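Spelled out from the first residue to the last, the chains are:
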Amino acid sequence: MTAKLPSPAALAPVQVPTPKWWPLAAGVVVLALLLPLALTVAPSLLGLPRYEVAGGQIVARSLAASTVIPAATPVERATLPRLSKRIGSNMPGYMVGRFTSPAGELAVFGNGSREGLLFATQPPTFITPADPDALLNAWSKGNVMTFRPAGVPAEQNIWPLLLFLPLAGVVASLLLTKPRLTYEIHDDTLTVRTRASTTTFPRQNTQASLTTDPLGMRLFGTGMPGYHTGSFATRSGNVQAAATSARPVQALLLEHGGKRYYLTPSDPAAVAAWFGQG
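Just so it is clear, the structure is predicted and the values come from calculations on it, not from any experiment.

Enquirer: Looking at this structure, how should I read the environment of Pro132?
Expert: Looking at where Pro132 falls in the secondary structure, it is placed in helix H3 (residues 132-141). Its relative accessible area of 22% is what places Pro132 among the partly exposed residues. When the C-alpha positions of Pro132 and Pro149 are compared, they lie 9.3 Å apart, and in sequence the two are 17 residues distant. For Pro132, the contacting residues outside a window of four places in its chain are Arg77 and Leu117.

Enquirer: What is the right way to read the packing of aromatic side chains from this model?
Expert: One pair of aromatic rings is described through two measures. These are the centre distance and the angle between the planes. According to the stated counting rule, one finds four aromatic pairs in the structure shown. Plain terms: the ring middles of Trp21 and Trp22 are 5.9 Å apart, the flat faces sit at 75° to each other, and that makes the pair edge-to-face. Given the relative accessible area of 53%, Trp21 is considered exposed. Over the ring of Trp274 we find Arg203, and its NZ or CZ is 5.7 Å from the ring centre.

Enquirer: Quick question: what am I supposed to make of the nonpolar core here?
Expert: In summary, soluble globular proteins display a tendency toward joint burial of nonpolar side chains. Grouped together as the largest cluster of nonpolar side chains are 20 residues, with contacts concentrated most on Tyr183, Leu190, Val192, Phe201, Leu254, Leu263 and Phe275. When contributions to this core are tallied by element, the ones reaching two or more residues are helix H2 (22-46), strand E11 (182-186), strand E12 (189-193), strand E18 (251-256), strand E19 (259-263) and helix H5 (268-276). The dominant element in this core, judged by the number of residues it contributes, is H5, at four residues. Excluding anything up to four places from it in sequence, Leu190 contacts Leu11, Tyr183, Glu184, Ile185, Thr199, Thr200, Phe201, Leu254, Leu263, Trp274 and Phe275. Among the nonpolar cores identified, the runner-up in size contains 14 residues, and Val53, Ala107, Leu117 and Ile127 belong to it.

Enquirer: Before we go on, may I ask you to explain H3 in this structure?
Expert: Given 3.6 residues to a turn, an α-helix orients residues that are three or four positions apart in the same direction. Residues of H3 that are buried include every one of Leu135, Ala138 and Trp139, and no others. Each buried residue of H3 lies within a common arc of 100° when the element is viewed along its axis, so the set occupies one face. Exposed and facing more than 90 degrees away from the buried side of H3 are Ser140 and Lys141.

Enquirer: How should I be thinking about the sheet that holds strand E1 (residues 50-54) in this particular structure?
Expert: Sheet strands line up and pair through hydrogen bonds in the backbone, either parallel or antiparallel. Across the sheet, which stays open at both edges, the four strands sit in the order E3-E2-E1-E10 with antiparallel pairing between neighbours. Each edge of the sheet is formed by a strand with only one pairing partner; in this case those strands are strand E3 (66-69) and strand E10 (145-147). Taking each pair of neighbouring strands and ignoring which way they run, the sheet shows an average axis angle of 20°. Pairing geometry for E1 and E10, over three bridges, is antiparallel. When the sheet's bridge partners are listed, Tyr51 is paired in E10 with Phe147.

Enquirer: Help me out: how do you make sense of the side chain of Thr229 in this one?
Expert: Turning to its location among the elements, Thr229 is positioned in strand E16 (residues 227-234). With relative accessibility at 11%, the residue Thr229 sits in the buried group. Sequence-distant contacts of Thr229, defined by excluding residues within four places in its chain, comprise Thr194, Phe220, Gly221, Thr222, Ala241 and Ala242.

Enquirer: Where do I start with the pairing of E19 in this structure?
Expert: Regular strands place side chains that alternate from one sheet face to the opposite one. Direction of pairing for strand E17 (residues 237-243) relative to E19: parallel, over a ladder of three bridges. Pairing of Gln240 across the sheet is with Tyr261, part of E19. Pairing of E18 with E19 involves five bridges; the strand directions are antiparallel. Bridging across to E19, Leu252 finds its partner in Leu263. Linking E18 back to E19 in an antiparallel pair, the connection comprises two residues, with Gly257 at a positive phi of about 60°.

Enquirer: Looking at this structure, I do not really get the pattern of salt bridges. What am I missing?
Expert: Once their charged atoms are close, side chains differing in charge can pair, the charge on each being opposite to the other. Scanning the model with the defined rule gives eight salt bridges in all. Measuring nitrogen to oxygen at the nearest pair gives 2.9 Å for the salt bridge that ties Glu184 to Arg193. According to the relative accessible area criterion, Arg193 is partly exposed, its value standing at 34%. Arg203 is paired through a salt bridge with Asp188; the nearest N and O atoms lie 3.1 Å apart. Of this pair, Arg203 sits in the loop between strand E13 (198-202) and strand E14 (207-211) while Asp188 is found in the loop between E11 and E12, placing the two residues 15 residues apart along the sequence. When salt bridges that share partners are traced, they join Arg50, Glu52 and Arg61 into one network.

Definitions and cut-offs
Residues numbered from 1 in each chain as written. Predicted model: local features only at pLDDT ≥ 70, side-chain atom pairs only at ≥ 80, totals over all residues. Heavy atoms only, no water. Helix = DSSP H or I, 4+ residues; strand = E, 2+ residues; numbered from the N terminus. Buried < 20%, exposed > 50% of the residue type's maximum accessible area, 1.4 Å probe, protein only. Contact = heavy atoms within 4.5 Å. Phe/Tyr/Trp six-rings, centres within 6.5 Å; stacked < 30°, edge-to-face > 60°. Lys NZ or Arg CZ within 6 Å of the ring centre and 35° of its normal. Core = buried A, V, L, I, M, F, W, Y, C linked by side-chain atoms within 4.5 Å. Arc of directions from axis to C-beta. Pairing = 2+ DSSP bridges. Axes fitted to C-alpha atoms, helices over the stretch in contact; angles between N-to-C directions. Salt bridge = Lys/Arg side-chain N within 4 Å of Asp/Glu carboxyl O.

Structural data, given as structure tokens:
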């Protein structure tokens, strides 16, 4: 006896509207992942750190801070020991912020070099101009000039690009494009396809029932508007979900291979009846 198939409309996953806040929330997550990448390239694009000499003083600038070194401030050439960051950045080519040394706290505006100019400000300011003699000469004569540290090899800054750019791309794909979830019946088998898996349920070896339990805590997998896959807790026990709604009016429970599966077709009763036919 041929089992009566549920209609395509009954089998289709229930449609859930995307909340208005979801694109904004997804965008914030993607931007947060791109932030380390932006912080890596922004200093170079903005010409930071830099040292602006004018009116007998030096202004050392970074992305988030600046400090003024007044005229006639005592200065010495210094080779610093290894520094410990308190707050700021310690990337190749962009070492700025507050650092501690055996002699105390320093304000650093440099490129990571340990050799530079140490000014007796409070706290002491350490800078690493590419041409310290030219900077000191311009400072002493009251000239107007801008100086920068020497550049660092590009390969020293390539690791953030290699790490964060692919990661941001994957997350953007997951969050900004709605994954496809399908239920299809061929012969006597229901096939469930998600983004990451395909599961088959032979009609003769699968027990079907209906439930009004919502999905509870996600134990493993994906949970986003219109797409819930992986392991979830429910009031009646853990399930493997392949659902478009976490709180449907009614869901389909399938027991197969020692596991329970939670599906959300548009007409769960019609699909359950198909499984129940001998």
